[in-house]
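# Close look at the chain arrangement
Listed below, chain by chain, are the residues.
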Amino acid sequence: MTAITVRDLSRSYGGFEAVRRVSFEVARGEIFALLGRNGAGKTTTLELLAGFQRPDAGQVRVLGLDPVKDRRAVRRSTGIMLQEAGFFPDLTVNQTAESWRAFVPSARPAFEALELAGLLQKAAVKVRQLSGGEKRRLDLALALLGRPKVLFLDEPTTGMDPEGRRATWEVVRSLADEGTAILLTTHYLDEAQQLARSVAIMDKGEIVTTGGMAEILAAGTGRVIFEALPGIDPSSLPLPVRVEGGRWVCSADDPDLAAQTLLGWAAAQGVRLRGLEVRTASLEELFLEVGTDA
Amino acid sequence: MRETLTVARFAGRLYWRDRVVLTVGLALPLGLGIGLPVMMHRLGATADTRTHLGVLAMVFTIIAFQQAAITLTARRDQLVAKRMRATGLGDGSILAGEIANIALQAVVQVMIISVALWVMGVLPPPAQPVLFAAWVVVGAIVLAALGAAFTVVVPRAELAPVLAMPFFMLAGLGSGGFGPLIELLPGWVAQVLGWWPGIAVADALGETYTGGTDYLPAILRVGAGVILAALVIHRAFRWEPRR
Ligand SMILES: Nc1ncnc2c1ncn2[C@@H]1O[C@H](COP(=O)(O)OP(=O)(O)O)[C@@H](O)[C@H]1O
Ligand SMILES: [Mg+2]
């Protein structure tokens, strides 16, 4: 069942189009990633979905409701982790969660939300003493207080250490497994890859590609890299390679398959591919790819 | 209503934790409100209700109007207002709750000042104590609401105290809180300044002291203040800092 529907959504600031004719859908239990560089329009899109701003054109439905007109009804079943929002620095983590519980109908116990966010051992610490990553966890805890059916996460792991990121991904996955629809924005390709089955890549306010994570990654340029083979003419390889310094690089939509082909060829030739690396496309490479024909 | 009370209770807890508020927003008005009339009394001058009411007009202006402007611009600039809006709370409940808290603190302070002056024998009690209390509540609410509306023209939270300060000075001038300066100025000045709800309420409070019945001018002026505040908030209140 669809939890979020966005059709031809547009929003301008002055003459500047921050979001242009964006469309996508997110189902219950699905994690959908809006992936894009800074300034792509991800936050604007998310704030339009959460009813913080009014669209200039297009239609948004969250749980079948208009987030601007029915904002309170939508908010009651929605959790939001804004990219930027303030805390009261002199309250402790627990005081913050307890205060916020009063604002959320049928809230979870504070300790439960803090535990989910991995912040229970910091419950007695003042917010001003938290690290950036810990504040992000508190953000997550507050977003989860109302047991939301729809969760908006705007760059949820910015400032977190690797362990914190992995823990957050775990929580997000388990929430989705319980049926929460999750819309996530990120500029980390690995985050989208870890979490989302579907993704839309945004650039300059537009969705330039959308689809399954796996297909999009495959469509982008992957690479197989290995050390130059002495005495062998690069053009004699079964796949085209370019010479980059002392290394040979083979670009391919499916780098795993290309690596297999090259390894098979090498085995038949009796040579070894030293320093073999198989890389899927990075976000920047995806943009170079999709950006040029956009 | 329940939400408004929730917000007001939360804002109240923050208010009493904030040392700046407690020193500037509490010590100053109490010191001014009680200290000035007491001093005049001790010096042998007639500490009449006029001085007291003039000071109250100023006190309302600092602790309701200015404090509302400071608190709400800070909530806005620190992006806490935005976070509050991300919950199930309605915009109206958030604003009403914040205004209610500030109005309550103002009511408490004005009551402390007035009761203290009576207990210390500086002033007689109001002839109509219930009406007195009612007008204190009205004054606190309308000035806090105007303070919320005033945030519209405050570009950054740090500027809120400075920008609100002229209203304090004008309230003092127009109400006679600075002494009878106003009588040296042309009559229209007093008339214009009299539209400031702090002064209008002080006039009404004066009636409750003397047992007079002439409340209509105050009702009109306070009503105008309420309508102005509501219009500005409805049209132009900003929940987020400009970017
Ligand atoms: N309130 C605003 N006023 C003017 N420009 C804005 C405003 N909000 C966002 N923008 C602009 O819109 C573009 C998209 O911003 P944003 O949605 O925050 O991008 P992202 O979240 O992908 O980094 C940016 O160029 C940004 O400067
Ligand atoms: Mg953003």
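Remember, predicted model here, so these are calculated numbers, not experimental data.

## As for the overall build of chain A
- Counting its regular elements, chain A contains 10 helices and 13 strands.
- Considering only C-alpha atoms, chain A reaches an extent of 75 × 45 × 35 Å along its principal axes.
- Expressed as a percentage of the 294 residues in chain A, the buried residues total 50%.
- For chain A, long-range pairs separated by at least 24 residues make up 66% of all intrachain contacts whose partners lie at least 6 apart in sequence.
- When the accessible surface of chain A is split by element, carbon and sulfur atoms take 49% of a total near 13,200 Å².
- Across chain A, 35 positive and 38 negative side-chain charges occur, with their mean positions spaced 6 Å apart.

## Section: the domain arrangement of chain A
- Domain assignment breaks chain A into domain 1 (2–217) and domain 2 (221–289).
- A straight line from the C-alpha centre of domain 1 of chain A to that of domain 2 of chain A covers 38 Å.

## Some details on the layout of surface pockets
- Of the pockets and cavities examined, the largest pocket occupies roughly 1,100 Å³.
- The wall of the largest pocket is formed by 32 residues, among which Tyr13(A), Glu47(A), Gln53(A), Glu240(B) and Arg243(B) lie closest to the centre.
- For the lining of the largest pocket, the secondary-structure elements that each account for two or more residues are β1 (2–13), β2 (16–27) and α1 (42–49) of chain A together with α4 (80–85) of chain B.
- Tallying contributions element by element places α1(A) first for the lining of the largest pocket, with four residues.
- Of the residues assigned to the lining of the largest pocket, the class counts are 11 nonpolar, eight polar and 13 charged.
- In this structure, the second largest pocket occupies an estimated 740 Å³ of space.
- Taken together, 26 residues make up the lining of the second largest pocket; nearest its centre are Leu14(B), Asp18(B), Val20(B), Val21(B) and Arg75(B).
- Only α1 (2–17), α2 (19–42) and α3 (49–77) of chain B provide two or more residues apiece to the lining of the second largest pocket.
- Residue composition of the lining of the second largest pocket, grouped by class: 14 nonpolar, six polar and six charged.

## Considering empty space enclosed by the protein
- As enumerated under the stated definition, the model contains two cavities of 30 Å³ or more in all.
- Approximately 200 Å³ is the volume found for the largest cavity.
- Lining the largest cavity we find 19 residues, and of these Ile80(A), Leu142(A), Ala143(A), Ala86(B) and Thr87(B) sit closest to its centre.
- Top contributing element to the lining of the largest cavity by residue count: strand β5 (residues 78–81) of chain A, with four residues.
- The class makeup of the residues in the lining of the largest cavity is 10 nonpolar, five polar and four charged.
- What the second largest cavity holds in volume is close to 50 Å³.
- Forming the walls of the second largest cavity are Leu72(B), Arg75(B), Arg76(B), Ala81(B), Met84(B), Ile94(B), Glu98(B), Phe237(B), Arg238(B) and Trp239(B).

Criteria and cut-off values
Residues numbered from 1 in each chain as written. Chains lettered and ligands numbered in written order. Predicted model: local features only at pLDDT ≥ 70, side-chain atom pairs only at ≥ 80, totals over all residues. Heavy atoms only, no water. Helix = DSSP H or I, 4+ residues; strand = E, 2+ residues; numbered from the N terminus. Buried < 20%, exposed > 50% of the residue type's maximum accessible area, 1.4 Å probe, protein only. Contact = heavy atoms within 4.5 Å. Areas by Shrake-Rupley, 256 points an atom, 1.4 Å probe, with all protein chains shown as cover. Lys, Arg positive; Asp, Glu negative; His and termini not counted. Charge placed at Lys NZ, Arg CZ, Asp CG, Glu CD. Domains from an automatic or database assignment. 1 Å grid on protein atoms, 1.4 Å probe; cavity = no way out; pocket = protein on both sides within 12 Å on 5 of 7 lines; lining within 4 Å. Points joined across faces, edges and corners; volume = space filled by probe spheres on them. Nonpolar A, V, L, I, M, F, W, Y, C, P; charged D, E, K, R; others polar.

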